[in-house]
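Read off the chains here:
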Amino acid sequence: MTGCRSISIISAAFARLVICAGVRPAADGEPICKREGAEKYAPLSFHCFRHNFTTMMKKANVAEAIARRIAGHKSIVISDIYTHLGEKVMLDAVQAIPHIIDVPERSAE
């Protein structure tokens, strides 16, 4: 889907919509959607939904292959870029690991 003209049109229409709704300020003389640099995408852009959608699928434990196919990602690397799990999700995953080694307490002799 990257580079698709239809996605560009949808993205620009979404940007105009959130600007008209007052949710996002209009950029002064800048393109609606930036495509370069560290601040690659304007806040609350149509592209943000792709990141959110991929993240929600991962949090819902959708199989990797299925999540990738639905999102249109051709590789796990791209899918990982679009996934933002956060510290709490990782902490919960670590805490879910069962205690593999149960070391008995030593008695004081």
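A short tour of the structure in this document, coming up. (Residues numbered from 1 in each chain as written. Predicted model: local features only at pLDDT ≥ 70, side-chain atom pairs only at ≥ 80, totals over all residues. Heavy atoms only, no water.)

1. Side note on the overall build of the protein chain
Short version of the rule: In this description a helix means any DSSP run of H or I spanning at least four residues, a strand means any run of E spanning at least two, and both kinds are numbered starting from the N terminus. Buried means the residue's accessible area, taken with a 1.4 Å probe over protein chains only, is under 20% of the maximum for its type, while exposed means over 50%, and partly exposed covers the values in between. Pairs of residues are marked as contacts when any of their non-hydrogen atoms sit within 4.5 Å. Method for areas: the Shrake-Rupley scheme with a 1.4 Å probe, in which residue coverage is limited to the protein chains shown.
Summing up its helical and strand segments, the protein chain has five helices and zero strands in all. Start at the N end of the protein chain and walk to the C end: the helices and strands fall as α-α-α-α-α. The buried share of the protein chain, taken over its 109 residues, is 19%. If you take every contact in the protein chain between residues at least 6 apart in sequence, the share linking residues at least 24 apart comes to 39%. Working note: accessible area of the protein chain is about 8,900 Å², and carbon and sulfur atoms make up 62% of it.

2. Quick notes on the packing of helix α2 (residues 46-59) against helix α3 (residues 64-71)
Heads up, the rule is: As a rule, the C-alpha atoms of each element are fitted with a line to give its axis, helices using only the stretch in contact, and angles between N-to-C directions run from 0 to 180 degrees. Here the word oblique covers every angle except those under 35 degrees (roughly parallel), over 145 (roughly antiparallel) and from 65 to 115 (roughly perpendicular). Crossings are assigned a handedness: left-handed for a near helix turned anticlockwise from the far helix by less than a right angle, right-handed for a clockwise turn. Residues are sorted three ways: Asp, Glu, Lys and Arg are charged, Ala, Val, Leu, Ile, Met, Phe, Trp, Tyr, Cys and Pro are nonpolar, and all the rest, Gly among them, are polar.
Where α2 meets α3, the axes come as close as 10 Å, and the angle between the chain directions of the two elements is 160 degrees. In this view, α2 runs roughly antiparallel relative to α3, as classed from their interaxial angle. In the crossing of α2 with α3, the sense of the turn from one axis to the other is right-handed. Here Arg50, Phe53, Thr54, Met57 and Lys58 of α2 come into contact with α3, specifically with Glu64, Ala67, Ile70 and Ala71. Looking at side-chain class alone, the contact of α2 with α3 contains five nonpolar, one polar and three charged residues.

3. Digging into a nonpolar patch on the surface
Our working definition: Patches were defined on residues exceeding 30% relative accessible area and lacking a salt bridge, with like-charge contacts within 9 Å and nonpolar side-chain contacts (Val, Leu, Ile, Met, Phe, Trp, Tyr) within 5 Å. Salt bridges, as used here, are contacts in which a Lys or Arg side-chain nitrogen is within 4 Å of a carboxyl oxygen on Asp or Glu.
On the surface, Phe53, Met56, Ile66 and Ile70 cluster together to form a nonpolar patch covering roughly 400 Å² of accessible area. Secondary structure elements with two or more residues in the nonpolar patch: α2 and α3.

4. Points about the pattern of salt bridges
Tallying each qualifying case throughout the model produces three salt bridges. Here Asp92 ties to Lys88 by a salt bridge, and the two come within 2.8 Å at their closest N and O atoms. Note that Asp92 and Lys88 are positioned in helix α5 (residues 86-95) at a spacing of four residues, about one turn of the helix. With relative accessibility at 35%, the residue Asp92 sits in the partly exposed group. If you follow the salt bridges from partner to partner, you end up with Lys58, Glu64 and Arg68 in one network.

5. Quick word on the environment of Thr83
Applicable threshold: Think of a polar contact as two N or O atoms within 3.5 Å of one another; within protein, one of them needs to be a possible hydrogen donor and the other a possible acceptor, and neighboring residues in sequence only count if both atoms come from side chains.
On the secondary structure map, Thr83 appears in the loop between α4 (76-81) and α5. In terms of polar contacts, Thr83 uses its side chain to reach the side chain of Lys58, at 3.0 Å. A distance of 2.7 Å separates a polar atom in the side chain of Thr83 from the backbone oxygen of Ser79.

6. Describing the side chain of Thr54
Locating Thr54 in the fold gives a position in helix α2. The class of Thr54 is buried, set by a relative accessible area of 1%. What Thr54 contacts, discounting residues up to four positions off in sequence, is Ala71, His73, Ser79, Tyr82 and Thr83.

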